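Listed below, chain by chain, are the residues.
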Amino acid sequence: PHLAALVLARGGSKGIPLKNIKLLAGVPLIGWVLRAAIDAGVFHSIWVSTDHDEIEKVAKQFGAQVHRRSPEVSQDSSTSLEAITEFLNHHQEVDIVGNIQATSPCLHPSDLIKVADLIQKEGFDSVFSVVRRHQFRWSEVKKGENKMTEPQNLNPAKRYRRQDWPGELYENGSFYFAKRHLIEKGYLQGGKMAYYEMRAEHSVDIDIDIDWPIAEQRVLSFGYFGKEPLKEVKLLVCSIDGCLTNGRIYVTEDHKEMVSYDYRDMVGIDLLKKRGIQVRLISDRDCSKTLSAMQLGCVAKVSVTNKLQVLKDWQEDMGLSWKEVAYLGNEESDVECLKQAGMSGVPADACAAAQKAAGYICKSRGGCGAVREFAEHIFLLLEKVNSARKQ
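Residues numbered from 1 in each chain as written. Predicted model: local features only at pLDDT ≥ 70, side-chain atom pairs only at ≥ 80, totals over all residues. Heavy atoms only, no water.

(A) Molecular detail of the overall build of the protein. Each helix and strand counted, the protein has 13 helices and 17 strands in total. If you line up the protein on its principal axes, its C-alpha atoms span 85 × 55 × 45 Å. Of all 391 residues assigned to the protein, the portion counted as buried reaches 50%. Within the protein, residue pairs in contact and separated by at least 24 positions form 65% of the contacts whose partners lie at least 6 positions apart. (Helix = DSSP H or I, 4+ residues; strand = E, 2+ residues; numbered from the N terminus. Buried < 20%, exposed > 50% of the residue type's maximum accessible area, 1.4 Å probe, protein only. Contact = heavy atoms within 4.5 Å.)

Listed below in structure tokens is the structure:
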């Protein structure tokens, strides 16, 4: 049976404008679930249903196909079921839909693989995600009612300790898998049903965890970053023009060139060195005088015609795996390096090709703190590596 992953990503959002492609830990929100779906390897096709051009662009960058939904199912009042039904009407080849919530950035491929087995091999008609919670519930007393609240799932005289109580299962909305015949009858849950219990740390819902910085910390700690395990970064290679500087060149009357840089980026480079990470610089043009004036104390290569070859030479000379190499670039000449490096980033104003190839998109522009921001991102991921080692 044809199993299709379907992410519903409408352009309208009352809370956060274009929330589905807002950067979360350097990745568009929708990118986290698309990465997990692709790497799961269980879907015959992966789709994003949207009504917005920018969301379509991001979806395709992450390898998904796009279904342009109609205005009729793009309203604030439109339901997920309506959007999924419309999708099925246009794709008769699909037998099973795995509706994945765009706002669940800690979803892992292992979860999707197990759910696919439940519905394809064990014959369930629908499978949905739940999380276990240890919360005591009480009956609601509305204002003006003359009655007392009552316990719903506990005896107040004998309150459970957390370790003595298994808790209860709650839908977390991360995904809903269902067979076509069920959806066509108007159900996402029905027939032979099963739930899939997700780990609590993977159950992050941006609709609820509306505090973006907190959500970013959760994703950096528990998110899925790719098939290969993270390794400690030992080398950062940074493109000079457009990353370390803002890309502008000022020419004086006596034909001397001047560029500007951000002191925060100098601090970022210094912090990287103190953590034992080598920082090397690279440029398409000859900017030797600029580097000399900046006094960064970094190995640099200028007038480079093939950045990838230089990067490979440095990687081999240092005896590093690609997972130990980070690269910050911003132009088309950086694209192959961004694809090769284990950790890659671009400033906010990088060209479209570089943004598509990068794993992290900075909020800062080139020459305005992007190096420092990328350094902080590296430090956070190093904490994740160290935490995994301790476990």
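(B) Up close: helix α3 (residues 80–90). Among all positions in α3, only Ala83, Ile84, Glu86, Phe87 and Leu88 are buried. In this structure, the buried residues of α3 make contact with β1 (3–8), β4 (45–50), β5 (65–68), β6 (96–100) and α5 (180–184).

(C) Local environment of the nonpolar core. In terms of nonpolar packing, the biggest core is built from 44 residues, with Leu244, Leu281, Phe374 and Ile378 touching the most fellow members. Broken down by element, this core gets its largest block of residues, eight residues, from helix α13 (residues 370–390). Core analysis: the second largest hydrophobic core is formed by 37 residues, Ile96, Ile100, Phe175 and Tyr196 among them. (Core = buried A, V, L, I, M, F, W, Y, C linked by side-chain atoms within 4.5 Å.)

(D) Highlighting the packing of aromatic side chains. Under the definition given, this model contains eight aromatic pairs. When the ring of tryptophan 32 is compared with that of phenylalanine 225, the centres are 5.3 Å apart and the planes differ by 85 degrees; the resulting orientation is edge-to-face. Residue tryptophan 32 is found in helix α1 (residues 29–40), and its partner phenylalanine 225 is found in the loop between α6 (212–222) and β10 (235–239); the two are separated by 193 residues along the sequence. Accessibility classification places tryptophan 32 together with phenylalanine 225 in one group, the buried group. Measuring from ring centre to ring centre gives 5.1 Å for phenylalanine 136 and tryptophan 165, while their planes differ by 20 degrees; the resulting arrangement is stacked. Remark: tryptophan 165 occurs in the loop between β7 (126–133) and β8 (168–179) and phenylalanine 136 occurs in the loop between β7 and β8; sequence separation between them is 29 residues. Residue classification places phenylalanine 136 among the partly exposed positions, given a relative accessible area of 25%. On the basis of relative accessibility, which here comes to 11%, the residue tryptophan 165 falls in the buried class. An aromatic cluster of at least three residues, connected via ring pairs, comprises Phe43, Phe175, Phe177 and Tyr196. (Phe/Tyr/Trp six-rings, centres within 6.5 Å; stacked < 30°, edge-to-face > 60°.)

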